[in-house]
There are 2 protein chains.
Amino acid sequence: MSLLIVGTVAFDKIETPFGKTNKILGGAGTYIGIASSYFTDQLNLVSVIGEDFPKEYTKILHDHKMNTQGLQVVEGGKTFFWEGKYHTDMNSRDTLTTELNVLADFNPVIPQEYQNCEFLMLGNLDPSVQRKVLTQLKIRPKLVVLDTMNFWMDIAWDSLMETISMVDVLTINDEEARQLSGEYSLVKAARKILTMGPKYLIIKKGEHGALLFDQKENCFFAPALPLEEVFDPTGAGDTFAGGFIGFLAKTKDLSFENMKRAIIYGSALASITVEKFGTDSIAYLNQESINNRIQEFKSLLQVDIQLMD
Amino acid sequence: MSLLIVGTVAFDKIETPFGKTNKILGGAGTYIGIASSYFTDQLNLVSVIGEDFPKEYTKILHDHKMNTQGLQVVEGGKTFFWEGKYHTDMNSRDTLTTELNVLADFNPVIPQEYQNCEFLMLGNLDPSVQRKVLTQLKIRPKLVVLDTMNFWMDIAWDSLMETISMVDVLTINDEEARQLSGEYSLVKAARKILTMGPKYLIIKKGEHGALLFDQKENCFFAPALPLEEVFDPTGAGDTFAGGFIGFLAKTKDLSFENMKRAIIYGSALASITVEKFGTDSIAYLNQESINNRIQEFKSLLQVDIQLMD
């Protein structure tokens, strides 16, 4: 089924304890698109880049089945650029540079060909921009997944709340869930957030896994795979989201049970992304490498528990 | 099968964001004993208390099937006392008071009746004291589980290494695993620690669950149950250890598969301990309440993952 992805396509410059990169391909839309391409080939991308965006990067998007009719190229513009440095624990980072460039005036336009998409992934962007996508769609998708971050809670609360009220699944991290709800306990936070509109909430806890909640108080936990080395965490959350919605678009089953599977697939792909810089590992997978990783998750998780007698 | 427990029996005074206690029953040996009592009734306790230890607390130990022949009562002595205050996040705490009292000169003596125990749980104590227990046992138990902490890594490294080399299972938290191994990655840390003697390593991550590693590079992850409220984390780690070894003593199966089950049982009991102050919840369970909690873990974990085709 067709999947519409709205998210940044960017240059990233990354430093981790293992080394540093030049400007490389990055952006939420890029990671979401690449990850979901392993599940569905009806991928429609809406984003914006500048004239400085190299052809070989556009080729990576095309190689991953992304329709780029909705990828605006701003004449004379420069592509969004982010530079960051991770600390030793890889859980925290300093942003060294943020150049919004063409992203500053991004006005998403949904091509006619993209109408009737059945799945929509809204990557982290200004909530008013995310809303512009929703209002342009003549038929509401079957499933709308929204990613956002604390930044918008700080500077655009009302706009964010409006956007959140329009979606089916919200993905945020644990600190953001606490900020959004005003509750420290993630169980209480989830309950409160699930009154704001979304039917499902995914709380991403990085190296500590992810939690899925629904409105019926079901809860599922997916661990992160313990890795020898986290080389570069950039894009892990977006890869997770892409794997999650890609799996749902492929399987066309929106039950809680299937969302659990989708979360495991998202986690598996995210665990691959962090093993190399940028898209260096996630862009070069095949079914076998994904299945091998899924197998590792299965053994990490599988336990046959009997009740006491 | 008989289980020997060596660990502190203490007074705790606890403050959390939810309230504070007077001096209440605490100590690693107490929590380990209570938790394991739900699995086996052949419990032998070795510890030390002062004359100030009230009869009603001794009764709680007896009510939980603990043989207290090895519980030394020091004439005129005062029981070990710890006072602490938890921060809002419940993951960190300040120790306000530590009065070692009779624990300062604790010299564990294993009664004849305790010889031939098949399972041994060494709660966190000076590693030289833990070793004195091991050397007094005429027959080595089938399984020896050791708990320790960063404090001993800081002040008694060589002694700790000697004790660690003598046990089968080591339980420590993630920061301690990093300190003990000098490796940041928990996978690398586990691999290194498993060359120091233990055949199994359990890395406790508090609200983020626990990892089990063996020497064959098997890895299992057990989540912590997301709770509405963590009321008081005191004793959670010791309850976990008690549930773990109690389950193994009951089932008499030391396979990796069964250790996975034991970790789920330990996690389930720990999730109950933190719901009230001190031993207020863990001391009053029955089979049904434990099974209900295990059922919650099952639904939190259960997912039927298919590989991609």
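## Here we look at the packing of aromatic side chains
All names here are of chain A.
Logical step 1: For the structure shown, the criterion picks out 19 aromatic pairs over all chains.
Logical step 2: Each ring, one from F39 and one from Y265, has its centre 5.6 Å from the other, and the planes form 85°; the classification is edge-to-face. One end of the pair, F39, is in the loop between α1 (28-36) and β5 (43-50); the other, Y265, is in helix α9 (residues 256-273), and 226 residues separate them in sequence. For the pair F39 and Y265, one class covers both residues: buried.
Logical step 3: Centroid distance F247 to Y265: 4.7 Å. Interplanar angle 15°. Geometry classified as stacked. One end of the pair, F247, is in helix α8 (residues 236-251); the other, Y265, is in helix α9, and 18 residues separate them in sequence. The residues F247 and Y265 share a single accessibility class, namely buried.

## Structural notes on the nonpolar core
Logical step 1: Membership of the largest hydrophobic core comes to 228 residues, with the highest contact counts inside it found for A:L4 and B:L4.
Logical step 2: Once residues lying within four places of it in the same chain are set aside, the contact partners of A:L4 are A:N44, A:V46, A:I110, A:Y114, A:C117, A:F119, A:L120, A:M121, A:V133 and A:L137.

## Examining the confidence of the model for chain A
Logical step 1: Residues with a pLDDT of 70 or more make up 100% of chain A, whose mean pLDDT is 96.
Logical step 2: Per the prediction output, this complex has pTM 0.95; the corresponding ipTM is 0.91.

## Focus: the environment of A:V102
Residues and elements named next belong to chain A.
Logical step 1: Considering the arrangement of structural elements, one finds V102 in the loop between β8 (93-99) and β9 (119-122).
Logical step 2: Overall, V102 belongs to the buried group, its relative accessible area being 8%.
Logical step 3: Separated by 85 residues in sequence, V102 and P17 have C-alpha atoms that sit 31 Å apart.
Logical step 4: With sequence-adjacent residues up to four places away left out, V102 is seen in contact with V48, I49, G50, V74, G77, K78, T79 and F80.

## With respect to the relation of the copies chain A and chain B
Logical step 1: Rotating chain A by 180° and moving it 0.0 Å along the rotation axis overlays it on chain B with an RMSD of 0.0 Å. Both chain copies can therefore be described as sitting about a two-fold axis. Distance from the rotation axis, computed per C-alpha, reaches its smallest value in chain A at A:H208: 3.0 Å.
Logical step 2: Of the residues that chain A buries at the interface, 100% are likewise interface residues in chain B, meaning the two copies contact each other through the same surface.

## Here we look at the interface of chain A and chain B
When the parts of a complex come together, some accessible area is lost, and that lost area is often used as the size of the interface.
Logical step 1: Chain A puts 45 residues into the contact, and the matching count from chain B is 45 residues.
Logical step 2: For the pair chain A and chain B, the summed buried area comes to about 4,300 Å², and 57% of that belongs to carbon and sulfur atoms.
Logical step 3: Among the residues of chain A in contact with chain B, A:E228, A:I305 and A:M308 are the three that bury the most area, contributing 18% of the side total.
Logical step 4: If you look at where chain A meets chain B, you find four salt bridges.
Logical step 5: For A:E228, the salt bridge identified is with B:R191, shortest N-O distance 2.4 Å.
Logical step 6: Our count for the contact surface shared by chain A and chain B stands at 26 residue pairs in polar contact (both at pLDDT 80 or more).
Logical step 7: Looking at the side of chain A that touches chain B, the elements with two or more residues in it are α7 (186-193), β14 (219-222), α9 and α10 (287-301) of chain A.

## Side note on helix α6 (residues 174-181) of chain A
Quick reminder: α-helices carry 3.6 residues per turn. Residues three or four places apart thus point the same way.
Residues and elements named next belong to chain A.
Logical step 1: When you tally the buried positions in α6, you get six out of eight residues, the bulk of the element.
Logical step 2: Regarding α6, the residues found buried are D174, E176, A177, R178, L180 and S181.
Logical step 3: Where α6 is buried, its residues contact α4 (150-155), α5 (157-164), β11 (169-173), α7 and β12 (200-204).
Logical step 4: Backbone geometry just downstream of α6 places G182 in the positive-phi region, at approximately 70°.

## Comments concerning the sheet that holds strand β13 (residues 210-214) of chain A
Residue and element names in this part refer to chain A.
Logical step 1: Pairing is mixed in the open sheet, where nine strands are placed in the order β6-β5-β1-β9-β10-β11-β12-β13-β14. Both outer strands of the open sheet, β6 (66-74) and β14, are each paired with one neighbouring strand and no more. Geometrically, the sheet is characterised by an average inter-axis angle of 15° between neighbouring strands, direction not taken into account.
Logical step 2: Taken together, the four bridges between strand β1 (residues 3-6) and β5 define a ladder with parallel strand orientation. From the neighbouring strand, L3 faces β5, where its bridge partner is L43.
Logical step 3: Packed on one face of the sheet, helix α3 (residues 127-136) meets β1, β9 and β10 (143-147) and runs near 165° to β9.

## Brief notes about the packing of α3(A) against α5(A)
Residues and elements named next belong to chain A.
Logical step 1: Relative to each other, α3 and α5 sit at 30°, their axes nearing to 8 Å. On the basis of the axis angle, α3 is roughly parallel to α5. In this structure, α3 meets α5 at a crossing whose hand is left-handed. Only S159, L160, E162 and T163 of α5 make contact with α3, whose side of the interface consists of P127, S128, Q130 and R131.
Logical step 2: In the contact of α3 with α5, the residues fall into two nonpolar, four polar and two charged.

Analysis parameters
- Residue indices begin from 1 for each chain and proceed along its sequence in written order.
- Here chains are named by letter from A upward and ligands by number from 1 upward, in the order in which they appear as written.
- Since the coordinates come from a predicted model, pLDDT governs what is reported: local features require at least 70, and pairs of side-chain atoms require 80 or more to be given and counted, while whole-chain, interface and lining totals use all residues.
- Side-chain measures were taken over the full set of non-hydrogen atoms in the model, leaving aside hydrogen atoms and water.
- Stacked, edge-to-face and tilted labels apply to pairs of Phe, Tyr and Trp rings (six-membered ring for Trp) whose centres lie within 6.5 Å, assigned for plane angles under 30 degrees, over 60, and everything in between, in that order.
- Going along the chain from the N terminus, every DSSP run of H or I of four or more residues is numbered as a helix, and every run of E of two or more is numbered as a strand.
- The classification of residues rests on relative accessible area computed with a 1.4 Å probe and restricted to protein chains. Under 20% of the type maximum is buried, over 50% is exposed, and intermediate values are partly exposed.
- As used in this record, nonpolar core signifies buried Ala, Val, Leu, Ile, Met, Phe, Trp, Tyr and Cys residues forming a set joined through side-chain atoms within 4.5 Å.
- The contact criterion used throughout is that any non-hydrogen atoms of two residues lie within 4.5 Å.
- On a range of 0 to 100, pLDDT expresses the predictor's confidence in each residue.
- In superposing the copies, a least-squares fit is computed on C-alpha atoms, taking residues whose pLDDT is at least 70 in both.
- Once two parts are brought into contact, the accessible area they lose, counted with a 1.4 Å probe and summed over both, makes up the buried area.
- Definition used for salt bridges: Asp or Glu carboxyl oxygen within 4 Å of a side-chain nitrogen of Lys or Arg.
- Contacts described as polar in this section are N or O atom pairs within 3.5 Å, which, within protein, must combine one atom able to donate a hydrogen with one able to accept it, while residues neighboring in sequence count only if both atoms come from side chains.
- A pair of strands is considered paired only if DSSP assigns at least 2 bridges between the two.
- Every axis in this analysis is a line fitted to C-alpha atoms, fitted for helices over the stretch in contact. Angles between the N-to-C directions lie between 0 and 180 degrees.
- Should an angle fall under 35 degrees it is called roughly parallel, over 145 degrees roughly antiparallel, and 65 to 115 degrees roughly perpendicular, with every other angle called oblique.
- For a crossing to be left-handed, the near helix must be turned anticlockwise from the far one by less than a right angle; the clockwise case is right-handed.
- Here the term charged refers only to Asp, Glu, Lys and Arg, the term nonpolar to Ala, Val, Leu, Ile, Met, Phe, Trp, Tyr, Cys and Pro, and the term polar to all other amino acids, Gly among them.

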